[in-house]
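# Tertiary structure, described
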Amino acid sequence: MIIKNIDELLENIKKDKSCVEICNRRFPVRFILLPNYRLLHDLLSKISDINILYITNLFQAENIDGWLTRSQIFQLIKSLDLSKDYIILGISEFLRFLDREGLFVLLNSIIEIEGGFDKKGRIYIPLVGLRNRVENEFFSKYVRRFEWDPLWILEGDTQKIKIYFVNFEIEDAFIKSSRDFLNLWKETTLPDKVVSCSKTLYQQSSFFIPDEVFSFEKIDNIKDYITMFFRIDIPIEYDDGESKLWIELLNIIKHEKNFNDLAEYVLNIKTFNLVDVLELWNKGTEFSRWILKWYVLNNKDLKKSYLYRVLKDLKSYKEYDLIRDYWLKIFDFSAEELAKKMLFERREVLRHFHEENLNELPKFIEYMLIDKMSNLSEKEILSYLVGVSSWEKAWIIQNFDRVKNISEVYPELFYYLEDLYFENLEEDKKWVIEYFREYRWSKLKNRASERLIRLLEAKNKNRQSFYNWYYSFDRLKNIYYKEDAEKKIFIDGLSIEFINLFLYLLKEKGFSTRFYIGVSDLPSITEYNKLPADEYIDDLDNYIHNQLNYKYPNSLVEEIEIIKRIVRYVSTLGDELLIFSDHGFTIFPHYQLEGVKRYNFENAHHDGRCMEITDDVDFAENEDFFIHSLENEECGVKKYIIPLKYVSLKNLSRREVHGGATPEEVLVPVIYASRILQKIDKYKVEILEAEIPIRNPVLSIKINPKPKEDVIICYLNNFIKMESDKNSNTYKLFLENVKVGKLKIKIKIGSYEEEFMINIIGGMKERDLL
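All of the points below concern the structure found in this document. (Residues numbered from 1 in each chain as written. Predicted model: local features only at pLDDT ≥ 70, side-chain atom pairs only at ≥ 80, totals over all residues. Heavy atoms only, no water.)

## Some thoughts on the overall build of the protein chain
- Broken down by element type, the protein chain carries 30 helices and 28 strands.
- Against the compact-globule benchmark of 27 Å for 770 residues, the protein chain has a radius of gyration of 45 Å, which places it well outside the compact range.
- Projected onto its principal axes, the C-alpha coordinates of the protein chain cover approximately 140 × 80 × 55 Å.
- Within the protein chain, the fraction of its 770 residues that count as buried is 53%. (Helix = DSSP H or I, 4+ residues; strand = E, 2+ residues; numbered from the N terminus. Rg over C-alpha atoms; globule rule 2.2 N^0.38 Å. Buried < 20%, exposed > 50% of the residue type's maximum accessible area, 1.4 Å probe, protein only.)

## Quick look at the sheet that holds strand 3 (residues 51–54)
- On the basis of which strands lie adjacent, the open sheet formed by six strands has the order 1-6-2-5-4-3 and parallel pairing. Among the strands making up the open sheet, the edge pair consists of strand 1 (2–3) and strand 3.
- Of the strand pairs in this sheet, strand 2 (residues 29–34) and strand 5 (residues 123–128) are connected by six bridges, and their pairing is parallel. Its bridge partner being in strand 5, Phe31 is matched across the sheet by Ile125. (Pairing = 2+ DSSP bridges.)

## Observations concerning the packing of helix 4 (residues 70–78) against helix 6 (residues 100–111)
- At a minimum axis separation of 10 Å, helix 4 and helix 6 run at an interaxial angle of 15 degrees. By the criterion of interaxial angle, the relationship of helix 4 to helix 6 is roughly parallel. When you trace helix 4 past helix 6, the crossing you get is right-handed. Within the contact between the two elements, helix 4 uses Arg70, Phe74 and Ile77 and helix 6 uses Glu101, Gly102, Val105, Leu106, Ser109 and Ile110.
- Looking at the contact of helix 4 with helix 6 residue by residue, the class counts come to five nonpolar, two polar and two charged. (Axes fitted to C-alpha atoms, helices over the stretch in contact; angles between N-to-C directions. Parallel < 35°, antiparallel > 145°, perpendicular 65-115°, else oblique. Left-handed = near helix turned anticlockwise from the far one by under 90°. Contact = heavy atoms within 4.5 Å. Nonpolar A, V, L, I, M, F, W, Y, C, P; charged D, E, K, R; others polar.)

## Quick look at the pattern of salt bridges
- For the structure shown, the criterion picks out 57 salt bridges.
- Of the charged contacts in the structure, one is a salt bridge between Glu279 and Lys283, with a shortest N-O distance of 3.1 Å.
- Measuring nitrogen to oxygen at the nearest pair gives 2.8 Å for the salt bridge that ties Lys443 to Glu559. Here Lys443 is found in helix 23 (residues 431–445), whereas its partner Glu559 is found in helix 29 (residues 554–570), with 116 residues between them in sequence. Residues Lys443 and Glu559 agree in their burial class; the two are buried.
- In the salt-bridge network here, residues are joined through shared partners; they are Arg351, Glu355, Lys393, Glu412, Glu561 and Lys564. (Salt bridge = Lys/Arg side-chain N within 4 Å of Asp/Glu carboxyl O.)

## Some thoughts on empty space enclosed by the protein
- Enumeration according to the criterion identifies one cavity of 30 Å³ or more in this entry.
- By volume, the largest cavity amounts to about 40 Å³.
- Residue lining of the largest cavity: Leu40, Ile88, Leu89, Gly90, Ser92, Glu93, Pro126, Val128 and Trp185, and that is the complete set.
- Among the secondary structure elements, those contributing two or more residues to the lining of the largest cavity are strand 4 (86–89), helix 5 (91–95) and strand 5.
- Looking at side-chain class alone, the lining of the largest cavity contains six nonpolar, two polar and one charged residues. (1 Å grid on protein atoms, 1.4 Å probe; cavity = no way out; pocket = protein on both sides within 12 Å on 5 of 7 lines; lining within 4 Å. Points joined across faces, edges and corners; volume = space filled by probe spheres on them.)

## Side note on the environment of Lys304
- Mapped onto the elements, Lys304 comes out in the loop between helix 14 (286–297) and helix 15 (306–312).
- A relative accessible area of 78% places Lys304 in the exposed class.
- Separated by 38 residues in sequence, Lys304 and Met342 have C-alpha atoms that sit 8.5 Å apart.

## Structural notes on the sheet that holds strand 7 (residues 161–166)
- Strand order across the open sheet formed by three strands is 8-7-9, with parallel pairing between neighbours. In this open sheet, the two edge strands, each paired with only one partner strand, are strand 8 (193–196) and strand 9 (214–219). Direction aside, the axes of adjacent strands within the sheet are offset by 25 degrees on average.
- Strands in contact with helix 10 (residues 222–230) are strand 7, strand 8 and strand 9; relative to strand 9, the strand with the most contacts, it is inclined by about 135 degrees.

## Describing a nonpolar patch on the surface
- Residues Tyr320, Phe364 and Met368 make up a contiguous nonpolar surface patch of roughly 250 Å² in combined accessible area.
- Secondary-structure assignment places Phe364 in helix 18 (residues 363–373). (Patch = residues over 30% accessible without salt bridge, like charges linked within 9 Å, V, L, I, M, F, W, Y side chains within 5 Å. Areas by Shrake-Rupley, 256 points an atom, 1.4 Å probe, with all protein chains shown as cover.)

## Focus on the state of the cysteines
- Tallied over the full model, the rule gives zero disulfides.
- In this model Cys19 remains outside any disulfide bridge; the closest cysteine sulfur is found in Cys23, 9.8 Å from its own. (Disulfide = S-S within 2.5 Å.)

## Things to note about helix 24 (residues 450–459)
- All buried positions along helix 24 are accounted for by Leu452, Leu455 and Leu456. Each buried residue of helix 24 lies within a common arc of 95 degrees when the element is viewed along its axis, so the set occupies one face. Pointing more than 90 degrees away from the buried face of helix 24 are the exposed residues Glu450 and Ala458.
- Looking at the packing, one finds that the buried side of helix 24 touches helix 23 and helix 30 (663–666). (Arc of directions from axis to C-beta.)

## Thoughts on unusual backbone geometry
- In this model, Leu522 is joined to Pro523 through a cis peptide bond whose omega is -5 degrees.
- Relative to the helices and strands, Pro523 resides in the loop between strand 12 (512–519) and strand 13 (535–537).
- Look at the link from Tyr552 to Pro553: it is a cis peptide, with omega at 0 degrees.
- Summarising the element assignment, Pro553 is placed in the loop between helix 28 (539–546) and helix 29.
- Phi at Arg231 takes a positive value of approximately 55 degrees, unusual for a residue other than glycine.
- In this fold, Arg231 is placed in the loop between helix 10 and helix 11 (243–252).
- Under the relative-accessibility criterion, Arg231 is labelled exposed at 61%.
- Its identity is not glycine, yet Asn737 carries a phi of approximately 60 degrees, on the positive side.

## A short note on the layout of surface pockets
- Of the pockets and cavities examined, the second largest pocket occupies roughly 730 Å³.
- In terms of lining residues, the second largest pocket is bounded by 26 residues, among which Lys363, Ser390, Glu558, Glu561 and Arg565 are the most central.
- Mapped onto the lining of the second largest pocket, the elements with two or more residues apiece are helix 17 (340–356), helix 18, helix 20 (390–398) and helix 29.
- Ranked by the residues each element gives to the lining of the second largest pocket, the list is headed by helix 29, at eight residues.
- Class assignment for the residues of the lining of the second largest pocket results in nine nonpolar, six polar and eleven charged.

## Describing the packing of aromatic side chains
- On inspection of all chains with the given rule, the structure shows 59 aromatic pairs.
- Judged by centre distance (5.1 Å) and plane angle (45 degrees), the rings of Tyr467 and Tyr471 are tilted.
- In this structure Tyr467 comes out as buried when scored by relative accessible area, which is 15%.
- The exposure class of Tyr471 is exposed, given its relative accessible area of 53%. (Phe/Tyr/Trp six-rings, centres within 6.5 Å; stacked < 30°, edge-to-face > 60°.)

## Notes on the environment of Ala485
- Here Ala485 shows up in the loop between helix 26 (476–482) and strand 11 (487–491).
- For Ala485, a relative accessible area of 13% corresponds to the buried category.
- Once the C-alpha coordinates of Ala485 and Phe585 are considered, the two residues, 100 residues apart in sequence, prove to be 27 Å apart.
- If we ignore the near neighbours within four places in the chain, the residues touching Ala485 are Glu576, Leu577, Leu578 and Tyr672.

## Things to note about the side chain of Arg96
- If you trace the backbone, Arg96 turns up in the loop between helix 5 and helix 6.
- Owing to a relative accessible area of 0%, Arg96 belongs among the buried residues under this scheme.
- Not counting residues within four places of it along the chain, the set of residues in contact with Arg96 comprises Tyr37, Val128, Gly129, Leu130, Arg133, Phe207, Phe208, Ile209, Asp211, Val213 and Phe214.

## Overview of the side chain of Asp492
- Secondary-structure assignment places Asp492 in the loop between strand 11 and helix 27 (499–508).
- No salt bridge is formed by the buried Asp492; its nearest oppositely charged neighbour, Lys530, is found at 6.5 Å.
- Reaching out from Asp492, the side chain makes a polar contact with the side chain of Thr526 at a distance of 3.3 Å.
- Setting aside anything within four residues of it in sequence, one finds Asp492 in contact with Thr526, Ile537, Asp538, Leu540, Asp541, Ser581, Asp582 and His583. (Lys, Arg positive; Asp, Glu negative; His and termini not counted. Polar contact = N/O pair within 3.5 Å; in protein donor to acceptor, adjacent residues only side chain to side chain.)

Here it is, written out as structure tokens:
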């Protein structure tokens, strides 16, 4: 029966109730075939005296993604009280999963339900979009089709809807359970594409039969779903073991047009810098690391990188996986595979991650690294050096003469060893430059050089020779009270030994500096040299005193690390700082080095570096020690025996010590550091002759604008003031003690510095020899 509209349908319902035909009275079920859900809603809105039933009521509350059987539906309908009218909703959605035979059996069973001649109740079953199947697969075979017509057909527009059945969770899926699907009738309008993430429907989808309204597609994985719905090609091979990562990827897709855009959104970057890769990994999640891996592997510019080789074989995304493999994968390469570019990349990335971003090297990785490195030849070790691990740094110190790129693999040691430059240092004090050069190199070699011993013998031959240089320097306390700053920082144990490294690290933190050399009051211990400060830092001094044994070269490695940590902390304390110390320390009274045991004074302290005495005790000074009187405001005058050299007053030390009179114990820095003064004048420095003949090695440079400050040239450990021609911007200097070949020079004007390379050439050119 064809019905034009809802009003006609309602009129037909009334007539049917009063019909006296036998079949109409005997069989209460009527199938209402609708082309769309909108008409179903129109019908529901205009009936008020018909009971509405939902087949989803058959679901148990805890199992909304279950499924129903034909028997359940049949029994639901058969058990109804036919003294009343009913409309049953959801059956058309159930029928879509029945084949031809199943559909016929169920509809035939339902239509054959008898109500009795004395009951006028009706059962109305709306079926949306199933007209063709119901007519062809059921009604055309229904034996009573010529006796009466239980099909009421409304015509109208049909909406085409495609259902995508997936077997994974989707946050905004239209259908999340089988119950949702059977309740589709509740929707007045449906989108043209409907996604179902019901696991039951995914399994049942092989039985789904398309009709006038619904077609379907089964999507086996999230990658295919993203490609289908978002038109984004994800260049990652799908793996069921990574399904949770794919789900997370799906849930963050917004308006990205391609995988690169998506990856950069996840990684929160605009452009990718290779040196940042370990930091991105370290701060990321398992998901972002997964994205990072494939972002790199699909970057054609990185195909030949070391990073590509590492990530290609990486299968898990734990915190240290990439960091571990970035350190160690290189050892799996054959000699033919190993390229200098890869070694350089590895070093740069690891140094950036550990040294600049301050990420510690996990111990378990260092142990694995040591196991690899310790079995290599010297040549191989030099190739693989990064200069981050303690083992590498110790090896560099022990093999310093063999490491040609020290400024790249261990820049802190490079600056530790670099000569000091002191502005306006008086001539009679310039010996400290050579002395501390010899001291640092001696410490590097773990033995005092002959030159260091001679210098110390000359400067500390006796009390008078010591006092001659000692009193030529200003007292620490005098310098302290002359200078002022926002904050004063006391660093216990900071010696001139570390001043160049300290200043370099401050410069890296944006500070300009000026510094002075002061002398500690004797004995060179904290008790007599501690001054008021806003911050007291004793990390270095604690390390020195807590050493059971000085361990070469590890102790020097750790001291440099302590200096780095101190500068990092100090740089956070303000923009204008006065940094000072109380004393330095020395290693050479050590029992295994230059230490000499001649005395056993019971009252000596600070590992035999000083001893207080009273007036009634008579000691004769000699070449080893002298008696120094100290006037203290609290205690009056005190007398101390103080060693001049590396002699101990008691037992020889096993660690670094202080309290004596060597320059490394007594001379201390006072540093004024300011970011406020960081405005650096810019100069254009031009080398007028890049090739300079050895016969007349005169360097000429032109500087614009002409500086008001002194122009200092640094070369071959010399720091020399250059003189300008009168009324000219040109400066000249005769370069002494240079040899044929490349020569590195540094021009320093106040806080401005610039390095150049010049070429010292021989007297005869090559063509003259032909």
